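# A closer look at the structure
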Amino acid sequence: MLDDRDRPAGGREDLEAALVLHYSRLVRIAYLALPPEGDRHGRVLAAHAIAQRTLPGRLVRRSPKRADGDSYAILRQAVVAAVLRRRWWPRSLHQPYVWGLRFFPLGGGSQELAVDAALRGLNVTARMAYVLLALEDLGADEVAALLADTGVRGVPAALETAQRLLAEHPADVLESSEFDPCTLRTRPTDLSRRRRQVRVATAVGGAALAVVLAVVIGVGGSGPSGAEAAAGAANAAARTPVQVDGAAWQQSPRLDFGVWPARGDGDATSSTAVGQALDAWTTQRPDVYKPGPDVADGPPLQPVHVLWSGHLDGATVVLLFDSTRLARYTQPDAPTNDDPVRLDVVRADDSDQTSAGAVVLRSTAAGDRWLVAPWVDTVGVRDLRTPAVATTPAAVSDGVTAAVPAPPASGCGSWPLIQLHAAPAVGGQTVAMTDLGGVTGTNLLYTAPPKIDPAQAPREVATVDTYGAESRVACGLSALRGQDVKQVDTWVFAQQPLPESQGLASWVCVRADQWSGSGSATSEFLPPAVAAPATATGSESDGRSCSALGQNVVAQARWRAPDGKTYLLVAGSRHVVKVSVVDGAGAVRQTVAAPEHTAAVILTGAAAATGSGVGVLDTGGQLRPMDPQQGQ
């Protein structure tokens, strides 16, 4: 909400002052309400043209009656009328003038993407109604009057649709940079045809990364300005790939994708393939551009690093990095529906030595071809499902592995992973990664039971004990495909002697953290028999359970003893000291001590079907298990 819209209108001078003062707001209204047909560059120019053309001489003489006494309201109604009466068609506009550049707003997050997707399904009247309700904070009656004054039809239906959308999406999302047509990135129109220079480090250092359009724009036109010069400088830097020295990682205090050198066939930074990849990232054709979960939309945000470019397994492949995202461009020699031309863009912000350890360059029926970090000395391959089988070395040439087995599309008879052995200069650590269908690999971690590791510190899957535990839960990894998972930690939070001397069972929580910062968790019961499969007992699709901020956890399962008795097995993390059994109505029927944080309670009668366990913490608080899996 703006605070100064109540200045009385005293003629054209007040309107001009209000236009300067509220220019960015008026452009945002137009941009949000314009229909999504075409590209964002065209919408940006149309929105600016609409705002700049709100002051022809006739506007002062024929101001809308409902806006009398409010300069901003007069301008806003002119914008609304221009959008709804289709005065914005780009070919009919005379300003602003743009040659050789394309403009794109800065990207947003998942909330912005959800709002944008919802707006795409609305007509222009409903879009404008939503913008006025959410961005302008107007009442329904005010919005209806504004829309009616333009002469459009279907105002009641549009207003109802907009109110429903407002209830689903918070109004403040519209203030995001995703919907700001005054703070922009620039890209050239002929990127793929321009020659690229390799040594541009000095030019990049002085270039602007984001371009803010001038707020004070001449009413009669838009001439050259300092902002345009800055835009040209930023664009020139962004379109020229950055060359990273091959030894950069050896001097850097931080190891991530930013210190990967360019590798591949010939001069990776100046190839035609790189131009095609950058063009695909800039134009974002829907049939080629494939953004990953929660990735910021839009062309490269900063000057691009080329990490690899070349020909691999029947396709041209280019891997790019813009400081926050990875983009993998694949152009098969003979594209098919199963193997099309595509640009996969995923999050890579906050990468480190582990998460930037390897990237999947190409996946075919022959297996995965990984590009490993320059600090990786050797690569090994092993199968999680056969922990007794030793790791086998994988051939690596210029950072690219030979084809290694990929996890199966269905079933889990095997589950391959790669082990990356870092150079002694960076600690010599061994890191385990697997392919969950994304560009980046997923790091696999293991947290030992409290008796073995009281500190409960996650460690890499790289030793005999970690292989055994992972073999039991590997089949659940397939459920995480396509979720852009950064790491998976298998935490053995409790071990429980089963009644009637039936052996020692384990309780684990499998925590999957995504690059976006969100994550999921699944509790599982592992019977004593090594060959027995794990049973999922509960899950949390989005939350902090089993993370550093959610270390208290409880899980339960029904178990039938050899003598036919049914037990409710309950296990918790270290702060669970008692277990209460509650009936279907939630009433506590029994409370027992939980030595070693576990309990086994015999269930009889109705309790055999409805009894449920609740953990009692040492603080006196109660903790319920995660949502039960279907069938539990």
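Just so we're clear, the structure is a prediction, and the values are computed from it rather than from any experiment. One numbering rule holds for all chains: residues counted from 1, following each sequence as written. This being a predicted model, a pLDDT of at least 70 is required before a residue's local features are given, and a value of 80 or more before pairs of side-chain atoms are given or counted; all residues contribute to the totals for chains, interfaces and linings. Derived side-chain values reflect all non-hydrogen atoms in the structure, with water molecules and hydrogen atoms excluded from consideration.

## A closer look at the confidence of the model for the protein
Mean pLDDT for the protein: 82, with 82% of residues reaching 70 or above. Note on residues 1-10: pLDDT under 50 across the span, and 28 contacts to partners over four residues away in sequence or across chains. You can read pLDDT as the predictor saying how much it trusts each residue, on a scale of 0 to 100. We call two residues contacting when some pair of their heavy atoms lies within 4.5 Å.

## Considerations on the pairing of strand β6 (residues 305-312)
Burial analysis of β6 places 7 of its 8 residues in the buried class, which makes it a mostly covered element. A strand pair is defined by DSSP finding two or more bridges across the two strands. Each helix is a run of H or I in the DSSP string that is no shorter than four residues. Each strand is a run of E no shorter than two, and both are numbered from the N terminus. Where β6 lies against strand β7 (residues 315-321), 7 bridges are found, and the strand directions are antiparallel. Each residue of the ladder has a partner; that of G310, found in β7, is V317. Taken together, β6 and the strand that follows it, β7, pair antiparallel across an intervening segment of 2 residues, in which D313 is found at a positive phi of about 50°. Buried residues are those whose accessible area, probed at 1.4 Å on protein chains only, stays under 20% of the maximum for their type, while exposed residues exceed 50% and partly exposed ones sit between those limits.

## Concerning the pattern of salt bridges
Any carboxyl oxygen of Asp or Glu that lies within 4 Å of a side-chain nitrogen of Lys or Arg is treated as forming a salt bridge with it. This model, assessed by the stated rule, comprises 17 salt bridges. Here K451 ties to E596 by a salt bridge, and the two come within 3.9 Å at their closest N and O atoms. Here K451, found in the loop between β18 (442-447) and β19 (459-460), pairs with E596, found in the loop between β27 (588-593) and β28 (598-603); they are 145 residues apart in sequence, far enough to count as distant. Because the salt bridges share partners, they merge into one network encompassing R25, R76, E136 and E175.

## Let's talk about the layout of surface pockets
For cavity detection a 1 Å grid was placed over the protein atoms alone, and a set of points counts as a cavity when a 1.4 Å probe fits there but cannot get out; an open set counts as a pocket when protein lies on both sides within 12 Å along at least five of seven lines, with lining residues being those that have an atom within 4 Å of a point. Grid points are joined across faces, edges and corners, and a volume is the space filled by probe spheres set on the points. Put simply, the largest pocket is a space of about 710 Å³. Contributing to the lining of the largest pocket are 38 residues, with R328, S363, D435, G437 and G438 lying nearest its centre. For the lining of the largest pocket, the secondary structure elements donating two or more residues are β5 (289-291), β8 (325-332), β9 (342-347), β10 (358-364) and β11 (367-372). Nonpolar residues are Ala, Val, Leu, Ile, Met, Phe, Trp, Tyr, Cys and Pro. Charged residues are Asp, Glu, Lys and Arg, and all others, Gly as well, are polar. Taken together, the residues of the lining of the largest pocket break down into 16 nonpolar, 11 polar and 11 charged.

## Remarks on the sheet that holds strand β24 (residues 554-560)
In spatial order, the strands read β24-β25-β28; together these 3 strands make up an open sheet with antiparallel pairing. The open sheet is flanked by β24 and β28, the only strands paired with a single partner. Looking at each pair of strands side by side, their axes are set apart by 20° on average, direction ignored. The pairing of β24 with strand β25 (residues 566-572) spans 7 bridges and is antiparallel. When the bridges of β25 are listed, R558 appears paired with L568. Here an angle of 0 to 180 degrees is reported between the N-to-C directions of two axes, which are lines fitted to C-alpha atoms, with helices fitted over the stretch in contact.

## Focus on the nonpolar core
Among the nonpolar cores identified, the biggest contains 57 residues, and V83, M128, Y130, L132, V143, L147 and L174 are the most heavily contacted of them. Counting residues per element, this core draws most heavily on helix α7 (residues 124-134), which supplies 9 residues. Setting aside residues up to four positions removed in sequence, Y130 forms contacts with V115, L119, L135, A162, L165, L166, H169, P170 and L174. Among the nonpolar cores identified, the runner-up in size contains 38 residues, and L326, L371, I418 and V431 belong to it. What makes a nonpolar core is a set of buried Ala, Val, Leu, Ile, Met, Phe, Trp, Tyr and Cys residues whose side-chain atoms join them at distances within 4.5 Å.

## Some points on the side chain of T490
Following the sequence through the fold, T490 ends up in strand β20 (residues 485-497). Polar contacts, as used here, are pairs of N or O atoms within 3.5 Å; protein pairs need one atom able to donate a hydrogen and one able to accept it. Residues neighboring in sequence count only if both atoms are side-chain atoms. A polar side-chain atom of T490 sits 2.8 Å from a polar atom in the side chain of E470. Beyond its immediate chain neighbours, meaning those up to four positions away, T490 contacts L445, Y446, T447, E470, V473, V508, C509 and V510.

## Regarding the side chain of S523
Relative to the helices and strands, S523 resides in strand β22 (residues 519-526). Exposure remark for S523: the relative accessible area of 2% places this residue in the buried category. Of the polar contacts made by the side chain of S523, one reaches the side chain of T537; its length is 2.7 Å. With sequence-adjacent residues up to four places away left out, S523 is seen in contact with V508, C509, T535, A536, T537, G538, A555 and M626.

## Side note on the packing of aromatic side chains
The description of an aromatic ring pair uses the distance of the two centres, along with the angle that the planes make with each other. Ring pairs are drawn from Phe, Tyr and Trp, using the six-membered ring of Trp, whenever the two centres fall within 6.5 Å, and their geometry is named by plane angle: stacked under 30 degrees, edge-to-face over 60, tilted for the rest. Summed over all chains, the structure comprises 5 aromatic pairs. Here W507 and F525 contribute two aromatic rings whose centre-to-centre distance is 4.9 Å and whose plane-to-plane angle is 55°, an arrangement assigned as tilted. Here W507, found in strand β21 (residues 504-514), pairs with F525, found in strand β22; they are 18 residues apart in sequence, far enough to count as distant. Taken individually, W507 and F525 each receive the classification buried, so the pair is uniform in this respect. Above the plane of the ring of Y31 lies R43, whose end atom (NZ or CZ) is 4.2 Å from the centre. Here the guanidinium or amino end of K486 rests over the ring plane of W515, the centre of that ring lying 4.6 Å away. Only when the NZ of Lys or the CZ of Arg is both within 6 Å of the ring centre and within 35 degrees of the ring normal is a charge said to sit over the ring.

## Some remarks on the state of the cysteines
Disulfide assignment relies on a single distance test, namely cysteine sulfur atoms paired within 2.5 Å. Counting across every chain of the model gives 2 disulfides. Each sulfur in the disulfide pair C412 and C475 lies 1.8 Å from the other. Taking the torsion about the S-S bond as the criterion, the C412 to C475 disulfide, at about 75°, is right-handed. With C412 in the loop between β15 (400-401) and β16 (416-422) and C475 in the loop between α14 (464-473) and β20, this pair connects stretches of sequence that are 63 residues apart. C412 gets classed as buried once you look at its relative accessible area, which sits at 17%. Sulfur-sulfur distance for the disulfide between C509 and C546 comes to 1.9 Å.

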